[in-house]
Amino acid sequence: MSLPATGAATLAPRRSSRFVAWVRAWRAGLVPFDEVADSIAGDEEHLVADAPGTWTDVPLRDALPTLAKLSPDEIRLVLPAPGDPRGLPGPGDFAGAALLAGEAVVAGGLGLIPQVRSHTSGSGMTWETVLWRVYPLPSNAPAASLTAPGAAEAEAELAAALAETTAALTRLDVAQWRPELAGALAALRRPDGATDLPPGFDPRARRLFARAAVLDRVLALAGHSAPGGAINNYEAQQRDAALRPLTTACRQALVAACNAPLRP
C-alpha cells in the first residue's frame, strides 16, 4: 500500500497524548525541561489559561513548572467519550469539558484540556493557536485510569478490533464511499515501527502508540461525510456501527501507551 493512502488522514493527532508523554518523560528525568514545550507544540503556538499563580494566558513553557513536583504516574492521559467516561475524576466542570473535547490531561490536582482557536488577520490569513485551559480537580477525586487496560491487553484488543472492522467495511464496500479510508486501514496492517514517543517508553508502548496514533486520525477522517453525498443516512449508520468498536479500542490503546510505565 502506498504512503499517500495513509497520508490521506491529515487531521491533527490528539494534543493531549503528546502532552502526557513528554511531560511524564520530563518528570522521570529522561528528557530536559528545555525540550518539553517545543516537543509538545511542534510548529503550533501553545498557551495556557488559568494556570495557578497566573493572571493571564501564558506560553506553555512558562506554565510547565506548575507540574514540576509531580511524579510521572500522577500525569495521565484521558480520552473520554459519551457513555465511556473512564479516567475522569467524577462529575464537574472538568469532566464536562473533557467529554466535549474528547481528550484531557489529569496532572495531580489539575486537569488540562486543549482548545483550538482560529484567527484571521486583516489581510485574510488564517492561523490557529492551542489554549490549554486548567481546571482544579476535587481533592477527593479518584485516581485516573485505574480501570484502563495495560499495553499488552490494549494491543490485543486493537488488533482484534482492526481485523473485525476491516472485514465489516469490506462487506459494506466502504472503498466505494471513501477509497482513502479503506486504503489507510489496509496500510495499518503493516506499520513501519516508527514512534513519536520520547525516551523511557518500552518497545510495546512505542509500537502501540505508532499504530493507534495513525489509526486515530483515520477514524477522525472516517467521521466526516463522504464528498458529494456518496452515502445515504442508512449507509452512514452502518459505517458508524462498524467503526465504533475500533474507535473504542483505539482510544484505549492511546491511553495505555501514553500512561505506560517508564524505564530509564
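Residues numbered from 1 in each chain as written. Predicted model: local features only at pLDDT ≥ 70, side-chain atom pairs only at ≥ 80, totals over all residues. Heavy atoms only, no water.

Observations regarding the overall build of the protein chain
Put simply, the rule reads: Starting at the N terminus, helices and strands are each numbered in turn, a helix being any DSSP run of H or I of at least four residues and a strand any DSSP run of E of at least two. We call two residues contacting when some pair of their heavy atoms lies within 4.5 Å.
Scanning the protein chain for helices and strands turns up 10 helices and six strands. A separation threshold of at least 6 residues defines the contact pool for the protein chain, and within that pool the share at least 24 residues apart is 70%.

Focus: the sheet that holds strand β5 (residues 110-120)
Note the threshold: Should DSSP find at least two bridges between two strands, the strands are regarded as paired.
Read from one edge to the other, the open sheet built from six strands follows the order β2-β1-β6-β5-β4-β3, with strand pairing classed as mixed. Lying at the two open borders of the sheet, with one neighbouring strand each, are β2 (58-59) and β3 (75-78). Here strand β1 (residues 45-49) runs beside β2; their pairing, made up of two bridges, is antiparallel. Within the sheet, the bridge partner assigned to Leu 47 lies in β2 and is Pro 59.

A word on the confidence of the model for the protein chain
For the record, the criterion: Along the chain, pLDDT gives the predictor's confidence residue by residue, from 0 to 100.
Within the protein chain, residue pLDDT values average 82, and 77% of them lie at 70 or more. Of all the helices and strands in the protein chain, helix α1 (residues 3-7) carries the lowest mean pLDDT, 33, while helix α4 (residues 60-63) carries the highest, 98. Low pLDDT, under 50, characterises residues 225-230; the stretch is placed with six contacts to residues that sit more than four places away or in other chains.

Points about the side chain of Arg 24
Selection rule: Buried residues are those whose accessible area, probed at 1.4 Å on protein chains only, stays under 20% of the maximum for their type, while exposed residues exceed 50% and partly exposed ones sit between those limits. Residues adjacent in sequence count toward polar contacts only when both atoms are side-chain atoms; beyond that, a polar contact is any pair of N or O atoms within 3.5 Å, and within protein one must be able to donate a hydrogen and the other to accept it.
By secondary structure assignment, the location of Arg 24 is in helix α2 (residues 15-27). Judged by its relative accessible area of 0%, Arg 24 is buried. Polar side-chain contacts of Arg 24 include one of 3.4 Å to the side chain of Asp 73. Residues contacting Arg 24, with those up to four places away along its chain left out, are Pro 72, Asp 73, Ile 75, Arg 76, Phe 201, Cys 258, Asn 259, Ala 260, Pro 261 and Leu 262.

Points about helix α3 (residues 33-41)
Of all the residues in α3, the buried ones are Val 36, Ala 37, Ser 39, Ile 40 and Ala 41. Residues of α3 that are buried make contact with α2, β1 and α4. In the stretch just after α3, Gly 42 is the one whose phi turns positive, near 60°.

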